[in-house]
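# Reading the structure
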Amino acid sequence: MAFASIFVPHFMVQAVARTDSSLRDRALVLIDGNPPSSSVVAVNEVAARMGIEPGMAKANAAQFAGVEIRPRSRTQERIAHAALLDIGWSVSPRIENAAEDAIILDLAGLTGIFGSEKDIGTHLDSLSAEFGLSAHIAIASNIDTAQIAARGFPGITVIPHGQESQYLSGLPVSVLSPSMEMAETLSRWGVRTCADFANLPILQLSERLGQEGVRLHALARGESSRSLVIAEAEHFFEEEMELDDPVEELDPLSFLLGRLLDQLCARLAARSLAAAAIRVRFELQPSFDNAVNIRKEIFREKAAPGLYEKELQLPLPTRDSKMLLKLLRLRLQLNPPNAAIQKIAIAAHAARPRATQGGLFRPSFPDPEKLELTIARIAQVVGEASVGAPSLVDTYRPGEFRMRRFLTPQETAEKNHHLKAALYPEEQSKNSKTPTSFRVFRPPVPAKIEPNIGSPARVFFRGLSGEVAAASGPWRTSGEWWQENSWQQEEWDLEIHFHSFSERNDLHAKCHPDCGLYLFYYDLPRGSWFVRGLYD
Amino acid sequence: MSSKTSALRLQVESALTARVPSPFQHRDRPLVDAVPAGISSVDISTGGFPRGSLTEIYGPPCSGKTSLLISALASRTAASEVCALVDARDAFDPQSAEAAGVKLEQLLWVRCRNVDQALRSTDLLIQGGGFGLIALDLGDTPPNIVRYVPLQVWFRFRRAVESTPTILVLLEQESNAKTCASLVLELRAQKTHWLQTSGCSEKISLPHSPACLLGGWKSHAEIIRSSLKRKTRVLIPRDHLFPNIGDGVDFEAEVLGNYSHAECGKASVGGGSRPR
C-alpha cells in the first residue's frame with residue numbers, strides 16, 4: 001500500500017502566479033488588508049531571498065527593486081486548489097483533501113497503469129507543471145509520512161517501506177506541525193530535528209507532553225497509521241485572471257482567453273470530462289461618466305465595475321480549447337463589451353464527452369464543432385437571429401414560425417434508413433405532380449385593388465398594375481380574438497396579367513407569359529390590402 | 001523544331017510536377033454521382049442533380065423554380081442529409097416547404113438582406129462542409145443586381161464543391177453562372193389549373209368565379225447546359241442516359257391542402273373548402 005502527497009509551497013503566491021508565467025521567476029509579494037495598513041502576507045522564494053518577509057508593511061516591501069506586489073486573491077486560491085484536486089482525481093479515485101495547499105492520493109492498484117511509484121511521482125509532477133503549479137511530491141507507505149515528506153523535501157521523494165524514520169530524521173520538527181506551546185517546549189529542550197524528537201523516550205515524553213506528544217513522536221518515527229478521509233468529487237471548473245492594465249482590443253484579449261481556456265480544458269481532460277457550455281464574465285472598467293459623478297459626491301465611493309456576461313452553449317461537449325476560443329472571438333465580435341476589461345473569469349459546465357462512431361453507410365453530416373463555428377461566422381454576417389432551423393408554431397396565424405438553434409440530426413434514428421439507402425439504389429420519385437411552393441414577401445407588400453362585383457378586378461402593387469385573369473376567394477381566416485394582436489383576413493389567390501412591359505419594374509421584367517399567381521389578402525382590422533407572396 | 005517542342009514540353013511538365021501531374025495528358029470527364037431532384041420527369045430527363053457541381057435553375061417569377069428547389073430539398077432531407085438554404089431576400093415559406101416534404105429540422109436557413117450577405121454565407125457554408133445540398137436563392141433579387149456578381153464568384157463556388165459530395169444549387173431569374181454550372185435548367189410557366197369546387201353545378205367561367213380553387217400549374221423545364229457524364233442511381237430509360245441540350249420536360253405543380261391553417265372559406269359560392 002502506498003500513498004502520495006502533493007504539497008504546493010507558497011500556495012497563495014503560486015495561486016496568483018499560476019495564470020501569468022512571467023511572474024514565476026520574479027520576486028512576487030502578496031498583500032492583504034485595507035490600505036493604508038495593508039501588509040505582506042505571502043512571498044515567493046525570490047522575494048524571500050531579497051529579504052522581504054510576511055508581516056512587512058506594503059510601503060517597505062515596495063522599496064525593494066524589481067519586486068512585483070499583488071493583492072491576495074482568495075478566488076485564485078480556490079481555483080488553484082480545485083486544480084490541485086483535479087490533478088489528484090486524474091490519477092486516483094481516492095484522494096484526501098488534506099489542506100488548501102496539499103492533497104493525499106491512495107496509489108493502490110495504480111502501478112499497473114502508471115508504472116513504478118517513481119513513475120507515478122514523475123507523472124504527478126508533470127501534471128502539476130501543466131496546471132501551472134510547482135509542487136513537492138512524496139510517496140510513502142503511510143499517509144502522514146508522505147505528507148510530512150512532501151512538506152519537507154523539494155521535488156519527488158519516494159520513501160521505501162521501513163525507512164521512514166531514516167528519511168524523516170533530518171527534517172526540522174516544525175514539519176510535524178506542533179502547537180505553539182509544544183514548539184516552544186521542544187525548542188527549550190534543544191530538540192531541533194525529527195531524529196532528536198524520535199530518540200526521546202516515549203514514556204517520559206507522554207508524562208510531559210501528553211497524548212499530543214506521543215502522536216508527534218509516532219509521526220517523527222514514521223510509524224503513524226490512519227485511514228484516508230476520501231474527498232467527494234467536485235466539479236468546479238473556473239479560471240480567473242485579474243489584469244494590471246485594462247484591455248480593450250480583441251487580439252490581446254484573445255491571447256489571455258486562450259491561456260485560460262488551455263488551463264480549463266487541461267483540467268477537464270484530466271478528469272475525463274468536457275465542456276457542455278462556457279460562461280465568460282468580464283469586469284469592466286468603470287465608465288468616465290461614473291468617475292465624474294464620483295468626484296461630485298461628498299462621500300467618495302469606488303465605482304462598481306460594470307459586468308459583461310456571455311454564455312456559450314455548445315452542440316456537443318468538447319475540450320478543444322482552440323475551437324472554443326474561435327467561438328468566443330466570434331461572439332465577442334458580434335457583441336463587444338462597451339468598456340475596457342480589467343478582470344476575466346471563465347467557467348465551464350462539465351459533462352461527459354461525446355462518444356460517436358462513424359458508420360460506413362451514413363450520409364455525411366457537418367462536424368458539430370465545425371458547424372458551430374460556421375454558424376457563428378454566418379451570424380456575424382447576417383445576425384444571430386437570422387440563422388437557424390425554421391420551426392412551425394402551433395397556431396392558425398398565417399406565416400407564423402420561429403427560428404431555433406440548428407443541430408445536426410441524431411445518428412441512431414437514421415441508422416436503419418442509411419442502411420436501406422446503401423443497399424438499394426435511390427428510387428426516382430413516383431409522383432407525377434410536385435407540391436407547389438410559395439415565396440413570401442417579408443414584410444407583406446401594400447396593394448390597391450379595384451373590385452368588380454365583389455372580387456378583385458385590377459391590382460396595383462410595387463409599381464406594377466395588372467388585370468385579374470382568375471380569382472379564388474375570399475377565404476376568411478381569423479384568430480386569437482382574445483389577444484391584442486388578433487387577426488382577421490380575407491385571402492384571394494389571383495392570376496394576374498400584367499400590363500405592358502415598359503410599366504414593370506425589374507422584379508417582373510422577364511415575367512413570361514406576362515402573368516403571375518399571387519396571394520392577396522384584405523386585413524380587416526387595418527382595412528387595407530396586402531400581397532403575402534407568390535406561387536412559384 | 002520537334003526537339004524544341006519536346007524540350008519545352010519536358011520543361012513545363014517538370015515545373016508543374018508538384019501541382020499538376022501530367023498536364024498535357026487528355027483526361028476523360030469524371031463520372032459524378034447524381035441524385036434525384038424529386039420530380040420524376042426532371043429526373044428522367046436530366047439524370048438528377050450532380051454532386052460536387054453547381055446546378056443553375058433560372059426562370060421568371062411563378063415559373064416553378066422554387067417548387068423544383070423545394071422538391072430537391074425534400075428529396076435530400078428524406079435521405080437524411082443536412083441541407084442549407086441561403087435566402088437572399090428572406091422569401092422562404094416554412095409551411096409550404098414542410099407540406100412538400102422538407103424536414104425543417106435538417107434545414108439550415110440563412111436569412112439575408114442582400115446579395116453580398118448571401119454570397120458570403122454561401123462561401124462559409126461550402127468551406128464548413130458536410131451539407132448534402134446548399135441552395136443559394138436569388139429568385140427575388142433583381143437580375144440587374146445579380147449581373148454585377150463577378151463570374152469568378154461562381155467559378156470559385158464550383159471549385160470549392162468539386163471534390164465534395166455537396167450539391168450546390170443556384171436559383172435566379174436569369175442565367176449568370178454560364179459555364180461554371182454543370183447543369184443549367186430554364187423554367188417557364190405554362191398553363192394554370194383552376195378546379196371547380198364540389199357542390200357547384202355551374203361550369204366555371206373565368207375570369208372569375210368564387211366557386212373555383214387554384215389547383216396548380218404546368219411548368220416547362222429546358223436543359224440549357226449539361227456538361228457532365230453522370231453515373232446515376234436514378235432508373236432512367238437508355239435513351240435518356242446522356243441528356244441532350246435543348247431537351248425539355250414538363251412537370252406539374254399541385255397546390256396541396258395542408259400547408260396553411262386557414263379556416264375553410266364560408267363566403268364562396270358552392271361551399272367548397274379551400275385547401276390552405
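Residues numbered from 1 in each chain as written. Chains lettered and ligands numbered in written order. Predicted model: local features only at pLDDT ≥ 70, side-chain atom pairs only at ≥ 80, totals over all residues.

### A short note on the sheet that holds strand β10 (residues 274–284) of chain A
Residue and element names in this part refer to chain A. Here is the rule: Pairing between two strands requires that DSSP report at least two bridges joining them. Helix and strand definitions here come from DSSP, where helices need a minimum of 4 consecutive H or I residues and strands a minimum of 2 consecutive E residues; each element is numbered from the N-terminal end. Here the axes come from fitting lines to C-alpha atoms, over the contacting stretch only for helices, and the angles between their N-to-C directions go from 0 to 180 degrees. Contact definition: two residues whose C-beta atoms, as placed from backbone geometry, lie within 7 Å.
With antiparallel pairing, the 4 strands of this open sheet are ordered in space as β9-β12-β10-β11. Since the sheet does not close on itself, it has two edges, and those belong to β9 (238–247) and β11 (306–318), each with one partner. Across the sheet, the mean angle separating the axes of adjacent strands is 15° when strand polarity is ignored. Relative to the sheet, helix α14 (residues 321–334) contacts β10 and β11, its axis offset from that of β11 by approximately 135°.

### Some points on the environment of Leu407 of chain A
Residues and elements named next belong to chain A. To keep it simple, the criterion reads: Each residue is classed by its C-beta neighbour count within 10 Å, where at least 20 other C-beta atoms makes it buried, 12 or fewer makes it exposed, and intermediate counts make it partly exposed; the C-beta atoms are placed from backbone geometry.
Tracing the sequence through the fold places Leu407 in the loop between β14 (401–404) and α16 (415–423). On the basis of neighbour count, Leu407 is assigned to the partly exposed category, with 16 C-beta atoms found within 10 Å. For the pair formed by Leu407 and Glu372, sequence separation is 35 residues and the distance between their alpha carbons is 8.8 Å.

### Focus: the packing of helix α5 (residues 115–128) of chain B against helix α7 (residues 151–161) of chain B
Residues and elements named next belong to chain B. Heads up, the condition is: Here roughly perpendicular refers to angles of 65 to 115 degrees, roughly parallel to angles under 35, roughly antiparallel to angles over 145, and oblique to all remaining angles. Should the near helix be turned anticlockwise from the far one by less than a right angle, the crossing is termed left-handed; should it be turned clockwise, right-handed.
The interhelical angle for the contact between α5 and α7, taken along N-to-C directions, is 15°, at an axis separation of 10 Å. Considering the angle they form, α5 stands roughly parallel to α7. Here the hand of the crossing between α5 and α7 comes out left-handed. Residues Leu119, Thr122 and Ile126 of α5 form the contact with α7, whose participating residues are Val153, Phe157, Ala160 and Val161.

### Some details on the nonpolar core
Worth spelling out the cut-off: Connectivity within a nonpolar core runs through C-beta atoms within 7 Å, and the core itself is a set of buried Ala, Val, Leu, Ile, Met, Phe, Trp, Tyr and Cys residues. Domain boundaries shown here were taken from an automatic or database domain assignment.
Core analysis: the biggest nonpolar cluster contains 124 residues, and Phe520 of chain A together with Leu73, Val86, Val110, Ala135 and Val169 of chain B have the highest contact counts within it. Counting contributing residues per domain, this core is built from domain 2 (241–288 + 304–354 + 366–424) and domain 3 (438–535) of chain A, each supplying no fewer than three. Not counting chain neighbours up to four residues away, the residues in contact with Val169 of chain B comprise Phe49, Thr55, Ile57, Leu69, Ala72, Leu133 and Ala135 of chain B. Core analysis: the next-biggest nonpolar cluster, separate from the first, contains 63 residues, Leu127, Leu133, Ile143 and Leu176 of chain A among them.

### Here's the deal with the confidence of the model for chain B
All names here are of chain B. In plain terms, the rule: Think of pLDDT as the predictor's per-residue confidence, scored from 0 to 100.
Taken residue by residue, chain B gives an average pLDDT of 79. The fraction at 70 or more is 74%. Counting contacts from residues 230–244, a segment whose pLDDT is below 50, to residues more than four positions away or on other chains yields 30 contacts. Note on residues 257–276: pLDDT is under 50 here. Beyond four places in sequence and across chains, it has 53 contacts. For this predicted complex, the interface score ipTM comes out at 0.78, alongside a pTM of 0.75.

### Some remarks on the pairing of strand β6 (residues 102–106) of chain A
All names here are of chain A. β6 sits mainly inside the fold: 5 of its 5 residues count as buried. The alternating pattern of β6 places Ala102, Ile104 and Asp106 on one face and Ile103 and Leu105 on the opposite face, and all of these are buried. In terms of strand pairing, strand β1 (residues 3–7) meets β6 through 5 bridges, oriented antiparallel. Within β6, the residue paired with Phe7 across the bridge is Ala102.

### Some remarks on the domain arrangement of chain A
Segmentation of chain A into domains returns domain 1 (3–161), domain 2 (241–288 + 304–354 + 366–424) and domain 3 (438–535). In this structure, domain 1 of chain A and domain 3 of chain A have C-alpha centres spaced 75 Å apart.

### Description of the sheet that holds strand β2 (residues 27–32) of chain A
All names here are of chain A. If you walk across this open sheet you meet the 3 strands as β3-β2-β4, and the pairing is mixed. Two strands bound the open sheet, and with one partner strand each, they are β3 (39–43) and β4 (67–71). Across the sheet, the axes of successive neighbouring strands diverge by a mean angle of 40°, strand direction being ignored. Pairing between β2 and β4: 5 bridges, direction parallel. Considered in β4, the bridge of Leu30 is made with Arg70.

### Considering the confidence of the model for chain A
Residues and elements named next belong to chain A. In this model, chain A carries an average pLDDT of 85, and 88% of its residues clear a pLDDT of 70 or more. For chain A, α16 is the element with the lowest average pLDDT, namely 47, and strand β13 (residues 387–392) is the one with the highest, namely 95. Ignoring residues within four places in sequence, the model shows residues 411–416, a span with pLDDT below 50, making 4 contacts including any to other chains. When the criterion is pLDDT under 50, residues 501–513 qualifies, and its contacts beyond four places in sequence or with other chains add up to 25 contacts.

### A look at the environment of Phe255 of chain A
Relative to the assigned elements, Phe255 of chain A resides in helix α12 (residues 250–270). For the pair Phe255 of chain A and Glu234 of chain A, spaced 21 residues apart in sequence, the C-alpha to C-alpha distance is 28 Å.

### Remarks on the packing of α14 of chain A against helix α15 (residues 368–382) of chain A
Residues and elements named next belong to chain A. Put simply, the rule reads: Here the nonpolar group is Ala, Val, Leu, Ile, Met, Phe, Trp, Tyr, Cys and Pro; Asp, Glu, Lys and Arg are the charged ones; every other residue, Gly included, is treated as polar.
Direction vectors running N to C along α14 and α15 enclose 15°, while the axes themselves pass 9 Å from each other. With respect to α15, the element α14 is oriented roughly parallel. Pair α14 / α15 crosses with left-handed handedness. Residues Met323, Lys326, Leu327, Leu330, Arg331, Gln333 and Leu334 of α14 form the contact with α15, whose participating residues are Glu369, Glu372, Leu373, Ala376, Arg377, Ala379 and Gln380. In terms of residue class, the contact of α14 with α15 is made up of 7 nonpolar, 2 polar and 5 charged.

### Here we look at the environment of Leu494 of chain A
Residue and element names in this part refer to chain A. Mapped onto the fold, Leu494 is located in strand β19 (residues 487–498). Judged by local crowding, Leu494 falls into the buried class, with 27 C-beta atoms found within 10 Å. Residue contacts for Leu494: discarding those within four places in its chain leaves Pro456, Val459, Val468, Ala471, Tyr518 and Phe520.

### A closer look at the pairing of strand β7 (residues 136–140) of chain A
Residue and element names in this part refer to chain A. What counts is decided by this rule: Looking down the strands as they point away from you, a crossover is right-handed if its path from the first strand over the helix to the second goes clockwise.
Across the 5 residues that make up β7, a large majority, 5, are buried. Burial along β7 is two-sided: the face carrying His136, Ala138 and Ala140 and the face carrying Ile137 and Ile139 are both buried. Where β1 and β7 come together, 5 bridges link them in antiparallel fashion. Within the sheet, the bridge partner assigned to Ala4 lies in β7 and is Ile139. Inspection of the sheet shows β7 paired to strand β8 (residues 156–158) by 3 bridges, in the parallel sense. When the sheet's bridge partners are listed, Ile139 is paired in β8 with Val158. Where the polypeptide runs from β7 across helix α7 (residues 143–152) and back to β8, its parallel neighbour, the crossover connection is left-handed.

### Comments concerning unusual backbone geometry
Note that the residue after Arg442 of chain A, namely Pro443 of chain A, is joined by a cis bond; omega there is 0°. When you line up the elements, Pro443 of chain A lands in strand β16 (residues 438–452). The omega angle of the peptide bond from Gly473 of chain A to Pro474 of chain A is 0°, so this bond is cis rather than trans. Relative to the helices and strands, Pro474 of chain A resides in strand β18 (residues 464–479). Located in the positive-phi region is Ile453 of chain A, a residue other than glycine, with phi close to 50°. In this fold, Ile453 of chain A is placed in the loop between β16 and β17 (455–461). With a phi close to 55°, Lys178 of chain B is a non-glycine residue in the positive phi region. Mapping Lys178 of chain B onto the fold places it in the loop between β7 (167–172) and β8 (183–196). The exposure class of Lys178 of chain B is exposed, given the 12 C-beta atoms found within 10 Å.

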